[in-house]
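One-letter residues, chain by chain:
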Amino acid sequence: MVKQNSITQNKTWREIVRHKSVYAIILIPVIYYIIFKYIPIWNGQIAFKDFSARKGVWNSDWCGLDNFIDFFQSFYFWELLRNTLMYSFGKLLISVPLSIILAVVLYESPRKYLRPIVQTLSYLPHFLSWVIVYGILLSLLAPGDGVVNDIIKSFGGTPVNFLTDTNTFPWIVLLSDAWKEMGWSAIIFIAALMAIDPSLYEAAMVEGASAIQRTWYITLPSIRPVIATVVLLRLGTILDAGFNQMFMLYSPSVYSVADIIDTWVYRQGLLEFQFSLATAVGIFKGVIGMLLVLLSNRLVKRFADSSIL
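Residues numbered from 1 in each chain as written. Predicted model: local features only at pLDDT ≥ 70, side-chain atom pairs only at ≥ 80, totals over all residues. Heavy atoms only, no water.

Participant: When you look at the overall build of the chain in this model, what are you seeing that I'm missing?
Facilitator: Helix and strand counts for the chain come out as 16 helices and 2 strands. Here the C-alpha atoms of the chain give a radius of gyration of 25 Å, more than 25% beyond the 19 Å that 2.2 N^0.38 yields for 309 residues. If you line up the chain on its principal axes, its C-alpha atoms span 85 × 75 × 40 Å. Within the chain, buried positions represent 35% of all 309 residues. In the chain, the share of contacts with a sequence separation of at least 24, taken over all contacts with a separation of at least 6, comes to 62%. Taken as a whole, the chain presents about 19,400 Å² of accessible surface, with 68% of it coming from carbon and sulfur. (Helix = DSSP H or I, 4+ residues; strand = E, 2+ residues; numbered from the N terminus. Rg over C-alpha atoms; globule rule 2.2 N^0.38 Å. Buried < 20%, exposed > 50% of the residue type's maximum accessible area, 1.4 Å probe, protein only. Contact = heavy atoms within 4.5 Å. Areas by Shrake-Rupley, 256 points an atom, 1.4 Å probe, with all protein chains shown as cover.)

Participant: What should I look at first to understand the pattern of salt bridges in this one?
Facilitator: Where charged atoms from two side chains of opposite charge approach closely, those side chains can pair. Here the structure, examined in full by the defined rule, presents 6 salt bridges. Close ionic contact of Arg-267 with Asp-259 constitutes a salt bridge, the shortest N to O distance being 2.5 Å. Accessibility assignment for this pair places Arg-267 and Asp-259 in one class, buried. With a shortest N-O distance of 2.4 Å, Asp-262 and Lys-285 are connected by a salt bridge. Of this pair, Asp-262 sits in helix α15 (residues 261–271) while Lys-285 sits in helix α16 (residues 275–303); the two residues are 23 residues apart in sequence, bridging distant segments of the chain. Accessibility expressed as a relative area gives 14% for Lys-285, which makes it buried. One connected set of salt bridges, linked through shared partners, spans Asp-240, Asp-262 and Lys-285. (Salt bridge = Lys/Arg side-chain N within 4 Å of Asp/Glu carboxyl O.)

Participant: Where do I start with the packing of helix α10 (residues 198–206) against helix α11 (residues 211–222) in this structure?
Facilitator: Any two packed helices are characterised by the angle at which their axes cross and by the distance between the axes. Two elements in contact, α10 and α11, have axes separated by 11 Å at closest approach and are oriented at 150°. Taken together, the axes of α10 and α11 lie roughly antiparallel to each other. Relative to α11, the crossing made by α10 is right-handed. In contact with Leu-200, Tyr-201, Ala-204 and Met-205 of α10, α11 contributes Arg-214, Ile-218 and Thr-219. The residue inventory of the contact of α10 with α11, partitioned by class, reads 5 nonpolar, 1 polar and 1 charged. (Axes fitted to C-alpha atoms, helices over the stretch in contact; angles between N-to-C directions. Parallel < 35°, antiparallel > 145°, perpendicular 65-115°, else oblique. Left-handed = near helix turned anticlockwise from the far one by under 90°. Nonpolar A, V, L, I, M, F, W, Y, C, P; charged D, E, K, R; others polar.)

Participant: Any chance you could explain the nonpolar core here in plain terms?
Facilitator: Generally speaking, a soluble globular protein has its nonpolar side chains buried in company with each other. Residues Phe-71, Ile-100, Phe-189, Ile-223 and Trp-264 are the most contacted members of the largest nonpolar core, which totals 32 residues. The set of elements that each furnish at least two residues to this core consists of α5 (77–108), α9 (169–193), α10, α12 (224–235), α15 and α16. Looking at which element gives the most residues to this core, the answer is α5, with 10 residues. If you look at the next biggest cluster of nonpolar residues, it comprises 21 residues, including Trp-130, Leu-137, Val-173 and Ala-258. (Core = buried A, V, L, I, M, F, W, Y, C linked by side-chain atoms within 4.5 Å.)

Participant: Got a minute to help me understand the packing of aromatic side chains in this structure?
Facilitator: Here the distance between the centres and the angle between the planes together describe a pair of aromatic rings. Within the structure shown, the criterion is met by 24 aromatic pairs. Taken together, a centroid distance of 5.3 Å and an interplanar angle of 85° make the contact between Tyr-32 and Tyr-33 edge-to-face. With relative accessibility at 40%, the residue Tyr-32 sits in the partly exposed group. Pairwise contacts between aromatic rings join Phe-71, Phe-72, Phe-77, Trp-78, Trp-264 and Phe-284 into one cluster. Here the basic side chain of Arg-115 rests over the ring of Tyr-107, its NZ or CZ set 5.9 Å away from the ring centre. The lysine or arginine in question, Arg-267, covers the ring of Tyr-255, its NZ or CZ lying 4.7 Å from the ring centre. (Phe/Tyr/Trp six-rings, centres within 6.5 Å; stacked < 30°, edge-to-face > 60°. Lys NZ or Arg CZ within 6 Å of the ring centre and 35° of its normal.)

Participant: Honestly, the environment of Ile-196 in this entry has me stumped. Any pointers?
Facilitator: Tracing the sequence through the fold places Ile-196 in the loop between α9 and α10. Judged by its relative accessible area of 6%, Ile-196 is buried. Placed 96 residues apart in sequence, Ile-196 and Leu-292 show a C-alpha to C-alpha distance of 30 Å. Dropping the residues within four chain positions of it, Ile-196 is found in contact with Tyr-201, Ile-218, Thr-219, Ser-222 and Ile-223.

Participant: Is there a simple way to think about the packing of α5 against α12 in this case?
Facilitator: Running from amino to carboxyl end, α5 crosses α12 at an angle of 155°, the nearest separation of the two axes being 11 Å. The orientation of α5 relative to α12 falls into the category roughly antiparallel. Considering how the two elements wind past one another, α5 and α12 form a crossing that is right-handed. Each of Phe-89, Lys-91, Leu-92, Ser-95, Val-96 and Ile-100 in α5 lies in contact with α12, whose residues at this interface are Ile-227, Arg-234 and Leu-235. In the contact of α5 with α12, the residues fall into 6 nonpolar, 1 polar and 2 charged.

Participant: Is there a simple way to explain the side chain of Thr-219 in this structure?
Facilitator: In this fold, Thr-219 is placed in helix α11. Here the side chain of Thr-219 touches Tyr-201 through a polar contact of 2.7 Å, side chain to side chain. Those residues in contact with Thr-219, other than ones at most four positions away along the chain, are Val-104, Glu-108, Leu-193, Ile-196, Tyr-201 and Arg-214. (Polar contact = N/O pair within 3.5 Å; in protein donor to acceptor, adjacent residues only side chain to side chain.)

Next comes the structure, spelled out in structure tokens:
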């Protein structure tokens, strides 16, 4: 038995040495997750403590669920939860369908030379920071000299302050996110489309099926597992409505429709030094995300015969 284990270990080590370049590439994200994801889990205990930087994590006094109760009883709790869910579900309902449509259009396009050009132009915004996107939006939507308001004024209309109006601000957030991320998300669906057996389309064309019918009865059912997986993964971060985007775009005048859990945690946790409260909210988000993934995974597995667990 000892000799067999030794042979197995030597074989495993030889395989590791043989594929050392692959393990070297994997090592970087593993170290990242250990440092920034797993080690902080231990320090998450300050959510149940009255944390004091002077006393440290170990010696701070326990306070039980007081931090969670303070958050749930906060005057802004329901407003924060409403705004967070509104933007999260709004982005899910807008971005995913648009990404699927873009992927299908690129895949079905008869002009092959246009595919790489359009695909490249569509996913380039993903690499722009929200600082740059904010500058673009300001150039387009500024009430004084923005391009859109110049067009409105040229038709005799009244300029609209899009970024400080509570009625228009949510749409700016949702549409700007869709423009920025739609092309990048479409890559996943394009990869799924390329795995479809071409003979299915050939048989459908012989039977006289139109392009729309081929898309509806062949394309969408074939990529249904991928769609379900993408939706499930997005549901796991449903309480992450996009801190970077919101932090750049919002202002006190639109707090009522723009303030989400993450921006509130930033102000309370970092600016007001309430680290225990901020950690408690982070644990709350994680638990809700896990429950949503488990619930939605069970539902998708039952009705769509697909799951990630």
